[in-house]
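# Structural characterization, general
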Amino acid sequence: MKIFIEKNYELLSSKAVLRFKKILESKKVKNIAFPTGNTPKLFYRKLVELYKKGKIDFSKISGFLIDEYYPMKKDSKDSFNYYISNNFFALVNLKEKYSLNGSNLDFISECRSYKELIEKKGGLDMAILGIGENGHIGFNEPGSELNSRVRLVELKNTTLDLNRAKYEAGPIPRYALTMGIYEIFRAKRIMLLASGKSKSERVWDFLNGPISRDLPVSVLRLHPDIEVIIDKEAAVLIEDKIMNLIN
Ligand code: PGA
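In what follows, the accompanying structure is described. (Residues numbered from 1 in each chain as written. Predicted model: local features only at pLDDT ≥ 70, side-chain atom pairs only at ≥ 80, totals over all residues. Heavy atoms only, no water.)

## Points about the site of the ligand
For the record, the criterion: We call a residue near a molecule or strand whenever a single non-hydrogen atom of that residue lies within 4 Å of it. Side-chain atoms alone can form a polar contact between residues adjacent in sequence; in general such a contact is a pair of N or O atoms within 3.5 Å, and within protein one must be able to donate a hydrogen while the other accepts it. Residues were grouped as follows: Ala, Val, Leu, Ile, Met, Phe, Trp, Tyr, Cys and Pro as nonpolar; Asp, Glu, Lys and Arg as charged; and all remaining residues, including Gly, as polar.
By nearness alone, every residue bordering the ligand is listed as Gly 37, Asn 38, Thr 39, Ile 131, Gly 132, His 136, Lys 166 and Lys 199. A distance of 2.6 Å is found between an oxygen atom of the ligand and a side-chain nitrogen or oxygen belonging to His 136. The side chain of Lys 166 places a nitrogen or oxygen atom 2.9 Å from an oxygen atom of the ligand. Class assignment for the residues of the shell around the ligand results in one nonpolar, five polar and two charged.

Structure (structure tokens):
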């Protein structure tokens, strides 16, 4: 595991871009899972800026959105499809863009198709992830099976309360479609991002706590190729210990 602690959110985002660009240039990645949320917003903005300057090329990359509310219209401003399209997918030259469709009434076949698509494409080469304040990854909430696949999940109240603030229309959906922990863990590389004090306990637990389905992110500690990029606020509980981990 590589851990980078950056001074603030701005530098965390720049570091993530730098690392990501290097990985892209290695030409070893094709299929990449992308997250939504506040954490990657500046990362996406910086990627788009680089792209506009002709300094990064996504033409060999297939982007896979990790999750989506259910039910949810694709073009609703609250949908993750809308977020990823407007922050990233539609602004760069990705070869292919895939996402879960929260308006497909047949959610079982929607999940099966996404699972099969990922398999048909040869699996994920990389997953970029944030950490939920309750330790979720994608919408794999605490209690998720570690071998869970693409599926419909019921969101925890902790997640609903946090996400309600970002939600514009009507009541927030209680359900979501998400890649499973299995699809995420099978990605050849993981880049995990966390910013701010509100994530510091989960970052601490991720590095030090038991590996358990109560904290889905904890399983990533077993991943053979994971880099963690966090800012000082998110690292506040681990700064002292991190040197021990690295040395
Ligand atoms: P955030 O969400 O980036 O908005 O904190 C992360 C997550 O819930 O996975």
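## Describing the packing of helix H2 (residues 41-52) against helix H3 (residues 80-87)
Cut-off, in case you're wondering: Axes here refer to lines fitted to C-alpha atoms; in helices the fit is confined to the stretch in contact. Angles between the N-to-C directions go from 0 to 180 degrees. Counting from the N terminus, the helices are the DSSP runs of H or I reaching at least four residues and the strands are the DSSP runs of E reaching at least two. Two residues form a contact once any of their heavy atoms are found within 4.5 Å.
As a packed pair, H2 and H3 sit with axes 9 Å apart at the nearest point and diverge in direction by 35°. In contact with Lys 41, Tyr 44 and Val 48 of H2, H3 contributes Tyr 83, Ile 84 and Asn 87. Class assignment of the residues belonging to the contact of H2 with H3 gives a composition of four nonpolar, one polar and one charged.

## Examining the pairing of strand E4 (residues 67-70)
Stated formally: Think of it in three bands: with a 1.4 Å probe and only protein chains considered, a residue is buried below 20% of the maximum accessible area for its type, exposed above 50%, and partly exposed in between. When DSSP locates at least two bridges between a pair of strands, those strands are taken to pair.
Burial along E4 is two-sided: Asp 67 and Tyr 69 and Glu 68 and Tyr 70, pointing in opposite directions, are all buried. For E4 and strand E8 (residues 175-178), the ladder comprises four bridges, and the chain directions are antiparallel. Across the sheet, the residue bridging to Tyr 69 is Ala 176, located in E8.

## Comments concerning the sheet that holds strand E9 (residues 189-194)
Taking strand neighbours across the sheet as the criterion, the seven strands line up as E1-E10-E9-E6-E2-E3-E5 in an open arrangement whose pairing is parallel. Two strands lie at the open edges of the sheet, namely strand E1 (2-6) and strand E5 (96-98), each paired on one side alone. Direction aside, neighbouring strands of the sheet carry axes that sit 15° apart on average. When E9 meets strand E10 (residues 226-231), the two strands line up parallel, connected through five bridges. In the sheet register, Ala 194 faces E10, and the bridge partner there is Ile 230. In the packing of helix H1 (residues 9-25) onto the sheet, contacts are made with E1, strand E2 (31-34), strand E6 (126-130), E9 and E10, and the angle to E10 comes to roughly 160°.

## Comments concerning the side chain of Ser 144
Turning to its location among the elements, Ser 144 is positioned in the loop between E6 and strand E7 (151-154). Owing to a relative accessible area of 8%, Ser 144 belongs among the buried residues under this scheme. A distance of 2.6 Å separates the side chain of Ser 144 from the backbone oxygen of Glu 141, its partner in a polar contact. Every residue in contact with Ser 144, bar those within four places of it in the chain, is listed here: Arg 151, Ile 181 and Arg 213.

## Structural notes on a nonpolar patch on the surface
Put simply, the test is: Patch construction takes residues with relative accessible area above 30% that form no salt bridge. Like charges are linked within 9 Å, and nonpolar side chains (Val, Leu, Ile, Met, Phe, Trp, Tyr) are linked within 5 Å. The accessible surface values rely on the Shrake-Rupley method and a 1.4 Å probe; as for residues, cover is taken only from the protein chains in view. Only one rule defines a salt bridge in this text: a Lys or Arg side-chain nitrogen within 4 Å of an Asp or Glu carboxyl oxygen.
Nonpolar side chains collect at one region of the surface, where Leu 146, Ile 211 and Leu 222 lie side by side and expose about 240 Å² of accessible area between them. Following the sequence through the fold, Ile 211 ends up in the loop between helix H7 (200-208) and E10.

## Re the nonpolar core
We count it as follows: We define the nonpolar core as a collection of buried residues of types Ala, Val, Leu, Ile, Met, Phe, Trp, Tyr and Cys that are connected through side-chain atoms lying within 4.5 Å of one another.
Among the nonpolar cores identified, the biggest contains 78 residues, and Phe 20, Phe 58, Phe 88, Tyr 114 and Leu 220 are the most heavily contacted of them. Phe 20 has contacts with Ile 32, Phe 34, Phe 43, Leu 47, Phe 58, Met 126, Ile 128 and Met 191, leaving out every residue within four places of it along the chain.

## Regarding the side chain of Lys 199
Operational definition: For the purpose of counting charges, residues Lys and Arg are taken to be positive, whereas Asp and Glu are taken to be negative. His and the chain ends are not included.
Summarising the element assignment, Lys 199 is placed in the loop between E9 and H7. The side chain of Lys 199 is buried and forms no salt bridge, while Glu 133, the nearest opposite charge, is found at 5.5 Å. Among the polar contacts listed, one links the side chain of Lys 199 to the backbone oxygen of Ile 131, at a separation of 3.0 Å. Once residues within four sequence positions are removed from consideration, Lys 199 is found in contact with Thr 39, Ile 131, Gly 132, Glu 133, Ala 194 and Ala 234.

## A closer look at the packing of H1 against H2
Applicable threshold: Here is the rule for angles: anything less than 35 degrees is roughly parallel, anything more than 145 is roughly antiparallel, 65 through 115 is roughly perpendicular, and the remaining ranges are oblique. Crossing chirality is assigned from the near helix's rotation relative to the far helix, an anticlockwise turn below a right angle marking it left-handed and a clockwise turn marking it right-handed.
Between H1 and H2, the least distance of the axes is 9 Å, while the angle of their chain directions is 50°. Classified by the angle their axes make, H1 and H2 are oblique. Pair H1 / H2 crosses with right-handed handedness. Here Tyr 9, Glu 10, Ser 13, Ser 14, Ala 16, Val 17, Phe 20 and Lys 21 of H1 lie close against H2, whose contacting residues are Lys 41, Leu 42, Phe 43, Lys 46, Leu 47 and Leu 50. A class-by-class count of the residues in the contact of H1 with H2 yields eight nonpolar, two polar and four charged.

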